[in-house]
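Per-entry structural report
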Amino acid sequence: MLKPVALCTLLLFFATLHLQAQIYIAPDGDDGNPGTLQQPYGTFPKAIQESMPGDTIYVRGGVYDLVNTITISAVKSGTEDQLVTITAYNEEVPLLDFSGQSFGSKGISLRANYWHFIGLQIKGAGDNGMEINFGSNNIIERCQFYENRDTGLQLSNGSADNRILNCDSYYNADPPDYGDADGFAPKLTVGSGNYFYGCRAWVNCDDGWDGYLRGADDVTTTLENCWTWGNGYLKDGTDPGPQANGNGFKMGGGDNSNSDLLMHHMVLINSVAFSNKNKGFDQNNNVGSMTLYNCTGYDNLTANYRIQRTLNPGQTLTVKNSASYQGLVQLGSFAVQETNSWLAPFSVTADDFLSLDTSFADAPRQPDGSLPEIELLHLAEDSDLIDGGVDLGYPYFGMAPDLGAFESNYVTAIEPGNIPGDFQLFQNYPNPFNPSTRIAYSLAKAERVTLAVFNALGREVVKLVDNAPQSAGRYTVDWNGRDATGLPVSSGVYFYRLTSARGMSNARMMLLVK
Ligand SMILES: [Ca+2]
Ligand SMILES: [Ca+2]
Ligand SMILES: [Ca+2]
Ligand SMILES: [Ca+2]
């Protein structure tokens, strides 16, 4: 009999020998097939069983009518260097339909590490659409969870360091009580370090995100560029009752009003909650640290923000560069605040926004899976929230970060820049201008700089300063509204960018040719 060490060595040997395989599964496949593109498998358990670290399971489009939970056990884990990928094939749309499942059964139970899910739709499960259970370092990308009979995607039993990217979770509801089904739930026994990016949760009967703890403490979850709205209602618009809590981002809590003082440290960046039945950003008795940067709350019925209970010693609530419109802001006096729209000198009205039309929020994603570009809650061009914020270490456009989740960015062709402390770019004057304007910048140290003008499509028009060595000081440069060949350019928005080895800074200007 092999000793454990010898067995490990042998397994490692085979793992190293294994060539990365491509495994195919199709709705009309057959497990008697070899699992190739021409002769795919017919079931998920067969494909999973045959997979090894580094392999890719391609899932052909179509409907998979499923009754049994798909369990991926720990022994099927990938490795840090060789994830197991399970992905929609090309642009096809595989729908894993668990609607025939009995109530209480989960759709997918991921108990392994280092799996990468891409492009699957998971519908109708008798409980969670997917539960990551004892699973860490997984990536769930461009998946949709809907009409499941409990939370769409739940993370349990110490599941840590998972990345949930560009996923949607909606219309999840748990009959007959309708008290538990959230969109995304890093809750109860969840582990630390889970990260959500670009995800949307809408019209789940309970909460959009729920971080309520029972059995876990001192965990951190980070959300960036996430939207949640309309929670607390069913798909048909009815309100099933107060047990359907209807919060957008429920950041924690615990049993008996969190009498155990459990801490769910939450970091929310560029995230948006609107039109929820209850609160947009909800403390729910969480006593851990909460950091909200560039968030937007709009039209949440009870409050846009409610974080009032005193935190545990050493914990902080930080809210900066955030915006609120049509909803209460209820923050304890312990909150560390800076440049929020409800603080002086800002004033927020409908005119601050390009659009308050929420009907496009569930629009299809862009081809790369990123959120749709819609105008909802983006700032109008003359809003005082533009450039009203403080530098929090994230990229921004113009002279300073804007307030709220959407940095004003009337073109997308130029990368947002940041302004390091050692150089500064000033707004041109006059602006708008015709035919010429003056641009000023200052350098704290000697360095080579380039100052270039770009059009609204991001194409360079002319270099005003070309990699010139300059000493510390303040400089002004005039632009005569002409391109590199000396021809006058047409009216419109232009951008100027100061670049050095230390970074870059952008600003916008407008040429109005009479
Ligand atoms: Ca509830
Ligand atoms: Ca909940
Ligand atoms: Ca305003
Ligand atoms: Ca800005």
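Parameters at a glance
Residues numbered from 1 in each chain as written. Chains lettered and ligands numbered in written order. Predicted model: local features only at pLDDT ≥ 70, side-chain atom pairs only at ≥ 80, totals over all residues. Heavy atoms only, no water. Helix = DSSP H or I, 4+ residues; strand = E, 2+ residues; numbered from the N terminus. Contact = heavy atoms within 4.5 Å. Donors = N, O, S within 2.8 Å, 3.2 Å for Na, K, Ca; no water. Salt bridge = Lys/Arg side-chain N within 4 Å of Asp/Glu carboxyl O. Buried < 20%, exposed > 50% of the residue type's maximum accessible area, 1.4 Å probe, protein only. Pairing = 2+ DSSP bridges. Axes fitted to C-alpha atoms, helices over the stretch in contact; angles between N-to-C directions. Core = buried A, V, L, I, M, F, W, Y, C linked by side-chain atoms within 4.5 Å. Domains from an automatic or database assignment. pLDDT = per-residue confidence, 0-100.

Time to look at the side chain of S442. Relative to the assigned elements, S442 resides in strand β34 (residues 437-443). If near-sequence neighbours (up to four positions away) are discounted, S442 is found in contact with D422, F423, Q424, F426, G473 and R474.

This brings us to the coordination of the calcium ion (ligand 3). Note on the calcium ion (ligand 3): its protein donors are S347 (O), D352 (OD), D352 (OD) and D384 (OD). The metal-donor distances range over 2.3 to 2.5 Å. For the calcium ion (ligand 3), all donor residues lie on one chain, and their spacing in sequence is S-x4-D-x31-D. Taken together, the positions of D352 in the loop between β32 (336-338) and β33 (423-425) and D384 in the loop between β32 and β33 put the pair 32 residues apart, joining distant regions of the chain.

Side chains that differ in sign of charge can pair as their charged atoms come close. In the structure shown here, the tally under the stated rule is 18 salt bridges. Across the pair D282 and K279 runs a salt bridge whose closest N-O atoms are separated by 3.3 Å. The pair D282 / K279 is uniform in exposure class, with both members buried. Residues participating in the shared-partner salt-bridge network are K106, D127 and E131.

Moving on: the sheet that holds strand β6 (residues 94-97). Reading across the sheet, the 10 strands line up as β3-β6-β9-β12-β15-β18-β21-β24-β27-β30 and stay open at both edges, with parallel pairing between neighbours. Pairing within the sheet leaves two strands with one partner each, and these edge strands are β3 (62-65) and β30 (323-325). Neighbour-to-neighbour, the strand axes of the sheet open up by a mean angle of 10 degrees, direction not taken into account. Sheet analysis places strand β12 (residues 144-146) next to strand β15 (residues 168-170), joined by 3 bridges and oriented parallel. When the bridges of β15 are listed, F145 appears paired with S169.

What follows is about the nonpolar core. In terms of nonpolar packing, the biggest core is built from 61 residues, with F44, L96, W115, F117, I140, F184 and L292 touching the most fellow members. When residues of this core are assigned to their parent elements, the largest contribution, 3 residues, is made by helix α2 (residues 44-50). Apart from residues no more than four positions distant in its own chain, L96 is found in contact with F44, Y64, L66, I70, I108, L120, Q121, I122 and K123. Grouped together as the second largest cluster of nonpolar side chains are 24 residues, Y146, Y170, Y298 and L371 included.

At the metal site, the calcium ion (ligand 4) is ligated by D387 (OD), F397 (O), A400 (O), D402 (OD) and E407 (OE), and these contacts range over 2.3 to 2.4 Å. Donor residues for the calcium ion (ligand 4) sit on one chain with the sequence pattern D-x9-F-x2-A-x1-D-x4-E. Taking the relative accessible area as the measure of exposure, A400 reaches 13% and is therefore buried. Residue classification places D402 among the buried positions, given a relative accessible area of 0%.

In this structure, V390 sits in the loop between β32 and β33. Spatially, the C-alpha atoms of V390 and G191 are 32 Å apart, while their sequence positions differ by 199 residues.

This paragraph deals with the domain arrangement of the protein chain. Assigned domains within the protein chain: domain 1 (4-260) and domain 2 (417-514). The centre of domain 1, based on its C-alpha atoms, is set 48 Å off from the matching centre of domain 2.

Time to look at the confidence of the model for the protein chain. Averaged over all residues, the pLDDT of the protein chain equals 92, while 94% of them reach at least 70. Confidence over residues 410-420 falls short of pLDDT 50; this stretch has 40 contacts with residues more than four positions distant or in other chains.

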